[in-house]
Amino acid sequence: MLKTFVCQICLHIAFNEAPVDCPVCGSAIENFENDVDAITTPVDPANLSEFEKKHIPAIRLERACTSESGGACTDVFIKVGEIEHVIETEHFIEFIDIYINRQYFSRIVFTPKKIYPSVHLHVNADKGMFSVIAHCNIHGSWRSKIKLD
Ligand SMILES: [Fe+2]
């Protein structure tokens, strides 16, 4: 079973093992807790409820590359979720963390004001498993993934 470790400072989730330093907030390995329930998984992945659709990130690959360099890249659109999640001070999507092959690359932070939790990324990769964890301040962390190639 996949091991998940949660930074108790910034709620970043690391896979397989805890990192020496948190790649998001820099806190030490002692601040990571092994938590098998770190990521909420849908009851029936083939038949998502409205609640689940509001939290699981929807990922869309857009093949038309806009890179001038000619390198391997993929345009990716991420929206949390398939059904719009509310953005209120008491309840909102705080951040999404981006991984390729379970290695962390970026965090995108949101506020509960005006901007809905969606983002368009130009990813410098065209292979591997691209995954996103969305964190709701009330309902926790939710993941979805998609193969780039
Ligand atoms: Fe929520």
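Everything here concerns the structure above.
From a predicted model like this one, the values you see are computed outputs, not experimental measurements. (Residues numbered from 1 in each chain as written. Predicted model: local features only at pLDDT ≥ 70, side-chain atom pairs only at ≥ 80, totals over all residues. Heavy atoms only, no water.)

### Description of the sheet that holds strand β8 (residues 103–109)
- The sheet built from five strands is open, its strands ordered β4-β11-β10-β7-β8 with mixed pairing. A single partner strand is all that each edge strand has here, and the edge strands are β4 (39–40) and β8.
- As paired elements, strand β7 (residues 93–100) and β8 share six bridges and run antiparallel to each other. Bridging across to β8, F95 finds its partner in V109. (Pairing = 2+ DSSP bridges. Helix = DSSP H or I, 4+ residues; strand = E, 2+ residues; numbered from the N terminus.)

### A look at the sheet that holds strand β2 (residues 13–15)
- Strand order in the open sheet made by the three strands is β2-β1-β3, with antiparallel pairing throughout. Unpaired on one side and paired on the other, β2 and β3 (32–34) mark the two borders of the sheet. Each strand of the sheet is rotated relative to its neighbour by a mean of 30°, with strand direction disregarded.
- Two strands pair when backbone bridges link them, and strand β1 (residues 4–7) and β3 are joined in this way by three bridges, in the antiparallel orientation. Bridging across to β3, V6 finds its partner in E33. (Axes fitted to C-alpha atoms, helices over the stretch in contact; angles between N-to-C directions.)

### Description of the packing of aromatic side chains
- Considering all chains together, one arrives at three aromatic pairs under this definition.
- Ring geometry for Y99 against Y104: centres 6.0 Å apart, planes inclined by 75°, an arrangement best described as edge-to-face.
- For Y99, a relative accessible area of 1% corresponds to the buried category.
- Of the residues examined, Y104 reaches a relative accessible area of 17% and is grouped as buried.
- Ring-pair connections join several aromatic residues into one group, and the members of that group are F15, Y99 and Y104.
- Residue placement shows R107 over the ring face of F95; its charged tip is 3.5 Å from the ring centre. (Phe/Tyr/Trp six-rings, centres within 6.5 Å; stacked < 30°, edge-to-face > 60°. Buried < 20%, exposed > 50% of the residue type's maximum accessible area, 1.4 Å probe, protein only. Lys NZ or Arg CZ within 6 Å of the ring centre and 35° of its normal.)

### Notes on the state of the cysteines
- Counted according to the given criterion, the structure contains zero disulfides.
- Lacking any disulfide linkage, C25 is separated from the closest cysteine sulfur, that of C7, by 3.7 Å.
- C25 gets classed as partly exposed once you look at its relative accessible area, which sits at 34%. (Disulfide = S-S within 2.5 Å.)

### What to know about the coordination of the iron ion
- Within the protein, the atoms that donate to the iron ion are H55 (NE2), H85 (NE2), H91 (NE2), C136 (SG) and H139 (ND1), at distances of 2.1 to 2.4 Å.
- The sequence pattern formed by the donor residues of the iron ion is H-x29-H-x5-H-x44-C-x2-H.
- Under the relative-accessibility criterion, H85 is labelled buried at 2%. (Donors = N, O, S within 2.8 Å, 3.2 Å for Na, K, Ca; no water.)

### Notes on the nonpolar core
- I78, I96, I98, L121 and F130 are the most contacted members of the largest nonpolar core, which totals 20 residues.
- Listed by contribution, the elements that provide at least two residues to this core are β5 (58–62), β6 (74–79), β7, β9 (118–123) and β10 (129–136).
- Ignoring anything within four residues of it in the chain, the contact list for F130 reads I59, V76, I78, I98, Y99, I100, L121, V123, S144, K145, I146 and L148.
- Listed in part, the eight residues of the second largest apolar core include V6, I13, A38 and Y99. (Core = buried A, V, L, I, M, F, W, Y, C linked by side-chain atoms within 4.5 Å. Contact = heavy atoms within 4.5 Å.)

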